[in-house]
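If you want the building blocks of each chain, they are given just below.
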Amino acid sequence: MSQLDEAVVKYNKLLEAGPYSDLAWAEALQERMESGHLSAGGRLICPFLRPNFISRRQYENLVKTGESLIGAIDRIQQMVMDVPALLARLDLLPAEKMLAAIDPGYQALEVAARLDSHMVNGHLHFVQYNADSPTGAGYADALADLFYDAPPVKEFRKKYTLTRAGSRKHLLQALLKSYKQFGGASKKPNIAIVEFRSTYHSGQSEYQFFRDFFREEGYAVEIVSPEQLEYRNGVLRKGSFEIDLVYRRLGVQEFLLRFDLSHPLVKAYRDRAVCIVNSFRSELAHKKAMFGLLTDETLTARFPAAERKAIRDHVPWTRLVTATKTTYDDKTVDLPEFIVQNRERLALKPNDDYSDQHTYFGWEMDAHGWDRALKQAMRAPYVVQERVEPVRSRFPLMSFGHLECRDMQVDVHPHAYLGKVQGCSSWLSSGKSGFSSAAGIVPTFILDSKT
């Protein structure tokens, strides 16, 4: 048993048979979540009673490998912007291409990004790069603060050192550095966090946590809906609040479903009247088809050795679904035929997260259902991706006042700012498609033994 597995067993025993089997502490923790607005749609963001633990070695591997992979993605993006044939392989909408062509005025292609990974022992696989408007860090930071002083965690800390993997200060630093590169004149720029407010969302927006932190650091910050924005006389504003820096929490495709390129946000962006982070150019990397370019060795053959190794060892083979021939294991294959014949080891995923299309896991389907899924994928932008075995671990939760342990799929999400991995969050789910009430974010702690 590894040190990490041993730590998980010890923590769970504290709850199952130890002094904390009385769940009064858990009820108090959940009440603190409710009062801290860590709920959405009437359910807690985190229904679980254990943080996710990762070892120091695992975290260092996440940082090293993640940063190498981000470097490779940046190189691919530069190639895409110079070669129309590569841009076509990302399958962007015409409006997305027009937005991507606008120079944002600063160097970084993605100021804030998130990698989605499956990590167990020495094995690490990245399945997606969330570069458009990554989520999770705000909730994870708030949950880490609550869990760190929860009674069983305090008891656990007598034997182990736990380090919070927070992101708030790193995000603010990245925003300000990008604003400075943009040529922003204000020493204390007015910041607008621009997002859609979901009608079903009865709790606090994740980005209210960031707003409050930025304000504590001395910045004027407002959360703004795109409908509230005006652009006149060279100034983007919400009412009397003049905006210097936008932290964009709108997905590009999500934005384009509701607005066109005459929107005040786009006009101000095009005129360089406001610094927007992430820029609309980040949509290039956000498409899942980016992994199709990344795993095409004809494009990456001259990349630095560390980047090629990160791709080879940690990125699953991916291709945009089209009627074409491609390569797999250095062999030329007919892509649709290959997809049909290899159902058990392939998944079909929408190219963009904001579409209403479903993800299909071949190993959960019969041949007839897989054929129907492939026909759907041929009609809409989809990628096919090689299967990555998920990581599972037992997590305790309180169900109707009683302790219950469930085997959950664990996805670890390292967050990166200006290409540097600084903090991570974790997402637990059943691993099955469809809605489950037992899913949510848990705080992530780096675990070290006390000597």
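Before any of the text, the structure's been laid out above.
Throughout what follows, the structure given in this document is the object of discussion. These figures come from a predicted structure and were not determined experimentally. (Residues numbered from 1 in each chain as written. Predicted model: local features only at pLDDT ≥ 70, side-chain atom pairs only at ≥ 80, totals over all residues. Heavy atoms only, no water.)

Observations concerning the overall build of the chain
Stated precisely, the cut-off is as follows: Helix and strand labels come from DSSP, where a helix needs a run of H or I of at least four residues and a strand needs a run of E of at least two; each type is numbered from the N terminus. Only C-alpha atoms enter the radius of gyration; for comparison, a globular chain is expected to reach 2.2 Å times N to the power 0.38, where N is the number of residues. Here's how the labels work: a residue is buried when its accessible area is under 20% of the maximum for its type, exposed when over 50%, partly exposed in between, all with a 1.4 Å probe on protein chains only.
The secondary structure content of the chain amounts to 17 helices and 24 strands. Taking 22 Å as the expected radius of gyration for a compact globule of 451 residues, we find that the chain reaches 22 Å, a close match to that expectation. Along the first, second and third principal axes, the C-alpha atoms of the chain reach 65 × 60 × 40 Å. The proportion of buried residues among the 451 residues of the chain is 57%.

Some details on the pattern of salt bridges
Counted only if it meets this: The salt bridge criterion pairs a side-chain nitrogen of Lys or Arg with a carboxyl oxygen of Asp or Glu, the two atoms within 4 Å.
Considering all chains together, one arrives at 25 salt bridges under this definition. The residue E230 makes a salt bridge to R232 at a minimum N-O spacing of 3.0 Å. We note a salt bridge from E283 to K287, for which the minimum N-O separation is 3.0 Å.

A closer look at the pairing of strand β24 (residues 444-449)
Keep this limit in mind: Note: two strands are recorded as paired if DSSP finds a minimum of 2 bridges between them.
Here 4 bridges tie strand β3 (residues 52-55) to β24, and the two strands are oriented parallel to one another. Considered in β24, the bridge of S55 is made with L447. The pairing of strand β6 (residues 160-164) with β24 spans 5 bridges and is classified as antiparallel. Its bridge partner being in β24, Y160 is matched across the sheet by S449.

As for the sheet that holds strand β17 (residues 346-350)
Spatial strand order, β14-β19-β17-β18: 4 strands in an open sheet with antiparallel pairing. Unpaired on one side and paired on the other, β14 (318-320) and β18 (360-361) mark the two borders of the sheet. As paired elements, β17 and β18 share 2 bridges and run antiparallel to each other. Residue pairing for β18: A347 is matched across the bridge by F361.

Some words on the packing of helix α8 (residues 168-182) against helix α9 (residues 206-216)
Threshold: Simply put, an axis is a line fit to the C-alpha atoms, just over the touching stretch for a helix, and the angle between two N-to-C directions goes from 0 to 180 degrees. Roughly parallel covers angles under 35 degrees, roughly antiparallel covers those over 145, roughly perpendicular covers 65 to 115, and oblique covers all other angles. A contact between two residues is defined here by any heavy atoms of the two lying within 4.5 Å. In this classification, the charged set is Asp, Glu, Lys and Arg, the nonpolar set is Ala, Val, Leu, Ile, Met, Phe, Trp, Tyr, Cys and Pro, and all remaining amino acids, among them Gly, are polar.
Look at α8 against α9: their axes get within 10 Å of each other, and the N-to-C directions meet at 70 degrees. Between α8 and α9, the interaxial angle falls into the category roughly perpendicular. Residue-level contacts link R168, K169, L171, L172 and L175 of α8 to F210, F213 and F214 of α9. Split into classes, the residues belonging to the contact of α8 with α9 amount to 6 nonpolar, no polar and 2 charged.

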